[in-house]
Structure formats: C-alpha cells, structure tokens
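# Inside the fold
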Amino acid sequence: MITSLQNQRIKDVVKLNNARERRKQNLFVIEGARELSMAIAGDFTINGMFVCDELLTVEGREIISKTGIPTENVSVDVFRKMAYREESDGIIALAKSRYLSADAVRLSANPFIIILEAVEKPGNLGAILRTADAARVDAVIVCDPKTDIYNPNAIRSSIGCVFTQQVVVCTSEEALRWLKRNGVRIFAAELTASQYYHETDFTRSSAIVMGAEAHGLTDFWLRNADHRIKIPMLGRIDSLNVSVSTAIITFEAMRQRKSS
C-alpha cells in the first residue's frame, strides 16, 4: 500500500491535472466506476488503477472484479491528494490518451455532427458531449480548442460520454474540408441570423457549428456556413450558455428526423 504523499508515482498522477503534463505523459485520469466502465467499453487502454479500500463503493468493487486490471492500494490521504472530485467510488485509473482524426470518423447514412469552435470551459464541453450521447449524434468535432477533451472537469461533466462519442480535435480549416468532402451542410449558430433554428430543415446531412462562450463564432465559420441560424431570445439577455444552445438545436434536429 502507498501511504506517502511524496511517492513519485502519486506525484506523477497529480501532475496529470495539467494539460501540458497529460500531453507529455500521453495519459489522463479517470475517476469513478461509471466513467471507467464507459472508457473500457470504448476500448480505451487502461494502464492501471489506484484503489482506496476505505472509500471503495459497491460499484467500485464490481468493476474491479470484472476488469482484472492491476490495482495499487493507497491510503485515504494519498487517494484524496490524487482525486480531482470528492466522490470517485474509491477508484482512480490511468488511461492512454486517444485522438481520432476526422478521416477515421464512421458516418451514418444521414449524419448529424456537432462542431465546436474554440470552446473554453471544460464543463461546457462535457455537457455537450453528454448531449451528443443522448441524441446519438455521429461525431463531435472540437476545432481550435482552448481546453483539453481529457480535462478532469470535462470527463466529470460528460459523465464519461467523452468515451462514448467519436470526438475529433482539429483546426477549423481541417474540419471544413472534411465536411465539404462528405457533403455535410453547415449551420452556423449566431445571434444576428435571420433564420430561426426551429424553422430550419435538419432532416438531411447536417452539422451545427457553435461558437466560444464569450465571443461566438469567428468570421471563418460565418463565411463558410451554408446557413446561419439563431434561437429566439424573448427576455433581456441576448444569448444562452453554449451547452444549452447546443442541446436545444440538437434535439430539434432529432425531433424532425423522427417525425420524418
């Protein structure tokens, strides 16, 4: 059992809270039984697990018994030093980072794709990935991101849906070329658009492009979009949180597709 807070392996795990260190080690941290089970189902490579018996839940014990992944026991103090969140089922796993290229994405016959430009907040990214899973979209493409898809808060807020989705990280230019090659219509969400989202036809191959929380979409996407759409705002504020806006438009598209 590891009991020392100065243990080098523990220090290396703590460093993974930093995006630069995640890239350096090519590893990221997964906390919790549900998230770990989703990562395993998504064929992520798990390099090992740290377990605290005093904090281990029923769900934690179940996944340990099923996976057969080597575990290292740690004390409560050591576990809490490593843990990003308070409730982790007594499990912290190390997984190998995996980045999917756009050309490797498997598309359905009539795809629906979420494009995110320069997303800044990992909590918003995670919430959008959760929406993507619920709506069964084909892929989420994160362009020119300001946050890492393996940020601990992104994993937590996605409830592990970062492992269930085809997630691509690339430049806006690369994403646009890929969309054009695959004949996907592009809908850019912006405040000054004249076309409402619920009056837009999403029943054919479509991608919605959502902008950064503070500044919205850049001119690049506004120039290259096939259509510009907006959500009607009837109160005093002029915009919604990007994760909320994405969910509203995505589920309108799913409603139309089911109706048709």
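Residues numbered from 1 in each chain as written. Predicted model: local features only at pLDDT ≥ 70, side-chain atom pairs only at ≥ 80, totals over all residues. Heavy atoms only, no water.

## Overview of helix α8 (residues 172–181)
We apply this condition: Throughout, exposure labels follow a simple rule: accessible area from a 1.4 Å probe, protein chains only, divided by the maximum for the residue type, with under 20% read as buried, over 50% as exposed, and the rest as partly exposed. Going along the chain from the N terminus, every DSSP run of H or I of four or more residues is numbered as a helix, and every run of E of two or more is numbered as a strand. To obtain the arc, one takes the directions from the helix axis to the C-beta atoms. Whether two residues touch is decided by their heavy atoms; if any such pair falls within 4.5 Å, the residues are in contact.
Among the residues making up α8, those that are buried are Ser172, Ala175, Leu176, Trp178 and Leu179. Each buried residue of α8 lies within a common arc of 165 degrees when the element is viewed along its axis, so the set occupies one face. Here the buried face of α8 lies against β5 (112–117), β6 (139–143), β7 (167–170), β8 (185–189), β10 (206–210) and α9 (219–224). With its phi angle positive at about 65 degrees, Gly183 sits one or two positions after the end of α8.

## Examining the side chain of Ser243
This is how it is decided: A 3.5 Å cut-off defines polar contacts: any pair of N or O atoms within that distance qualifies, except that in protein one atom must be a possible hydrogen donor and the other a possible acceptor, and neighbouring residues in sequence count only when both atoms are side-chain atoms.
Among the structural elements, Ser243 can be located in helix α10 (residues 242–259). For Ser243, a relative accessible area of 13% translates into the label buried. Within polar-contact distance, the side chain of Ser243 engages the side chain of Asn241 at 2.4 Å. Not counting chain neighbours up to four residues away, the residues in contact with Ser243 comprise Asn124, Ala127 and Ile128.

## A short note on the state of the cysteines
Let me state the cut-off plainly: The disulfide criterion is simple: two cysteine sulfur atoms within 2.5 Å.
This structure, assessed with the given rule, holds zero disulfides. In this structure Cys143 is not part of a disulfide, and its nearest cysteine sulfur, from Cys170, lies 4.5 Å away. Assessed through its relative accessible area of 0%, Cys143 is described here as buried. Judged by relative accessible area, Cys170 falls into the buried class, the value being 12%.

## Brief notes about the nonpolar core
Put simply, the rule reads: Here, nonpolar core means buried Ala, Val, Leu, Ile, Met, Phe, Trp, Tyr and Cys residues that are tied together by side-chain atoms lying within 4.5 Å of each other.
Counting residues in hydrophobic clusters, the biggest one holds 48 residues, and the most contacted among them are Ile30, Ile114, Phe163 and Ile249. Beyond its immediate chain neighbours, meaning those up to four positions away, Ile249 contacts Ala189, Tyr197, Phe202, Ile208, Met210, Ile229 and Ile231. Among the nonpolar cores identified, the runner-up in size contains 23 residues, and Val105, Trp178, Leu217 and Ala225 belong to it.

## Here we look at the packing of aromatic side chains
Worth spelling out the cut-off: What counts as a ring pair is set by centres within 6.5 Å for rings of Phe, Tyr and Trp (its six-membered ring), and what kind of pair is set by the plane angle: stacked under 30 degrees, edge-to-face over 60, tilted for all other angles. Consider the ring centre and the ring normal. A charge sits over the ring if Lys NZ or Arg CZ is within 6 Å of that centre and within 35 degrees of that normal.
What the rule picks out here adds up to nine aromatic pairs. On the basis of an interplanar angle of 70 degrees and a centroid distance of 5.0 Å, the ring pair of Phe44 and Phe163 is categorised as edge-to-face. Placement of Phe44 in the loop between α3 (33–41) and β2 (46–51) and of Phe163 in the loop between α7 (152–158) and β7 is noted, with a sequence separation of 119 residues between them. Taken together, the ring pairs in this structure connect Phe28, Phe44, Tyr99, Tyr150 and Phe163 into an aromatic cluster. In this arrangement the basic side chain of Arg98 is found over the ring face of Phe44, its NZ or CZ atom lying 3.9 Å from the centre.

## Things to note about the side chain of Asp148
Its location among the elements puts Asp148 in the loop between β6 and α7. Within the local environment of Asp148, its side chain forms a polar contact with the side chain of Arg22, the two groups lying 2.7 Å apart. Look past the residues within four positions of Asp148 in its chain and what remains in contact with it is Ala19, Arg22, Tyr99, Leu125 and Ala154.

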